[in-house]
Amino acid sequence: MSLNWTLRAGAAAIVLATAVSAYALDAASVEKARSDYFHSLGKAMKGAGDELKKPEPSMADVKAFAATLDKLAPELATHFPAGSGPDAGIKTEAKADIWSRPADFKKAVDAFTTAAHAYNAAAQTGDAGATRTARMALGKTCGGCHDSFRNEEHHNH
Ligand code: HEC
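Residues numbered from 1 in each chain as written. Predicted model: local features only at pLDDT ≥ 70, side-chain atom pairs only at ≥ 80, totals over all residues. Heavy atoms only, no water.

There is one protein donor for the iron atom of the ligand, namely His146 (NE2), at 2.1 Å. Within the secondary structure layout, His146 lies in helix H6 (residues 128-149). (Donors = N, O, S within 2.8 Å, 3.2 Å for Na, K, Ca; no water. Helix = DSSP H or I, 4+ residues; strand = E, 2+ residues; numbered from the N terminus.)

Dropping the structure here:
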């Protein structure tokens, strides 16, 4: 066996191994990233909510929280690749319905992204009243999706 052949076989094996690991879904990492994502959403939502409860909210802070939320919104669907549900042997509150009723899940995602966008638009006007109203509407899309697609049985926070 020539050295050249050995090197080439070795290189091919490395390419193959890289390809396999790139396609195999690491469900635990997906779940971790998903959890981090939702915590960021939660923080942006709560940050603005706490501020808007004040009689004189800092609209600069609210604008920043709303812009963050609007920027995060389109990322939501990417955190639910096939194979990252309850059958994957990971601890998750994601219901199998996400993957068995994809059209309904997409509707919930779209309602959320649209509401996040409208909410940010309202916040950027600096009008606290309109921002409160738009934030309430956005909150309903969070809850609406959770009602259908999140298993909150073990939820304790
Ligand atoms: C389209 C569906 C959908 C929308 C919209 C949605 N969520 Fe969720 N959320 C989920 C699902 C599914 C889970 C469970 C994820 C898991 O456990 O793997 C979840 C989990 C969470 C968690 C818990 C994360 C953890 O790991 O502990 C928080 C906090 C959260 N969502 C906040 C929000 C907020 C705030 C909004 C709106 C601004 C929102 N979500 C909008 C589907 C959604």
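For the rest of this paragraph, the subject is the site of the ligand. Near the ligand, the surroundings consist of 24 residues, among which Glu31, Thr92, Cys142, Cys145 and His146 are the closest. Take Glu31: an N or O atom from its side chain is 2.6 Å from an oxygen atom of the ligand. His146 places a side-chain nitrogen or oxygen 2.9 Å from a nitrogen atom of the ligand. Elements with a contribution of two residues or more to the shell around the ligand: helix H2 (27-53), helix H5 (102-125) and H6. With seven residues, the single largest contributor to the shell around the ligand is H2. A breakdown of the residues in the shell around the ligand according to their chemical character gives 13 nonpolar, seven polar and four charged. (Near = heavy atom within 4 Å. Polar contact = N/O pair within 3.5 Å; in protein donor to acceptor, adjacent residues only side chain to side chain. Nonpolar A, V, L, I, M, F, W, Y, C, P; charged D, E, K, R; others polar.)

Here we take up the pattern of salt bridges. A complete count under the given rule lists 10 salt bridges for this structure. The residue Asp50 makes a salt bridge to Lys53 at a minimum N-O spacing of 3.4 Å. Taken together, the residues span about one helical turn, with Asp50 and Lys53 both in helix H2 at a distance of three residues. (Salt bridge = Lys/Arg side-chain N within 4 Å of Asp/Glu carboxyl O.)

One pass over the structure, following the stated rule, counts five aromatic pairs. Relative to Phe105, the ring of Phe80 has its centre 5.3 Å away and its plane inclined at 70°; by these criteria the two rings are edge-to-face. Taken as a pair, Phe80 in the loop between helix H3 (59-72) and helix H4 (97-100) and Phe105 in helix H5 lie far apart in primary sequence, 25 residues in all. A ring pair is formed by Phe105 and Phe149, whose centres lie 5.2 Å apart and whose planes are at 80°; its orientation type is edge-to-face. Of this pair, Phe105 sits in helix H5 while Phe149 sits in helix H6, placing them 44 residues apart in sequence. Taking the relative accessible area as the measure of exposure, Phe105 reaches 8% and is therefore buried. (Phe/Tyr/Trp six-rings, centres within 6.5 Å; stacked < 30°, edge-to-face > 60°. Buried < 20%, exposed > 50% of the residue type's maximum accessible area, 1.4 Å probe, protein only.)

With that out of the way, let us pick up the environment of His117. Relative to the helices and strands, His117 resides in helix H5. On the basis of relative accessible area, His117 is assigned to the exposed category, the value being 52%. A sequence separation of 21 residues divides His117 from Leu138, and the C-alpha atoms of the two residues are 9.2 Å apart.

Here the focus is the nonpolar core. Counting 30 residues, the largest nonpolar core has Leu41, Leu69, Leu76, Phe105, Phe112 and Leu138 as the members making the most contacts within it. Going through the elements one at a time, H2, H3, H5 and H6 are the ones with two or more residues in this core. In terms of residue count, the dominant contributor to this core is H5 (nine residues). Setting aside residues up to four positions removed in sequence, Leu76 forms contacts with Tyr37, Phe38, Leu41, Phe105, Val109 and Phe112. (Core = buried A, V, L, I, M, F, W, Y, C linked by side-chain atoms within 4.5 Å. Contact = heavy atoms within 4.5 Å.)

Moving on to the packing of H2 against H6. Axis separation between H2 and H6 bottoms out at 11 Å; the angle between their running directions is 140°. Viewed along their axes, H2 and H6 adopt a mutual orientation that is oblique. In this structure, H2 meets H6 at a crossing whose hand is left-handed. Packed against H2, whose contacting residues are Met45, Lys46, Ala48, Gly49 and Leu52, the element H6 presents Ala128, Thr131, Arg132, Arg135, Leu138 and Gly139 at the interface. Per-class residue counts for the contact of H2 with H6 are five nonpolar, three polar and three charged. (Axes fitted to C-alpha atoms, helices over the stretch in contact; angles between N-to-C directions. Parallel < 35°, antiparallel > 145°, perpendicular 65-115°, else oblique. Left-handed = near helix turned anticlockwise from the far one by under 90°.)

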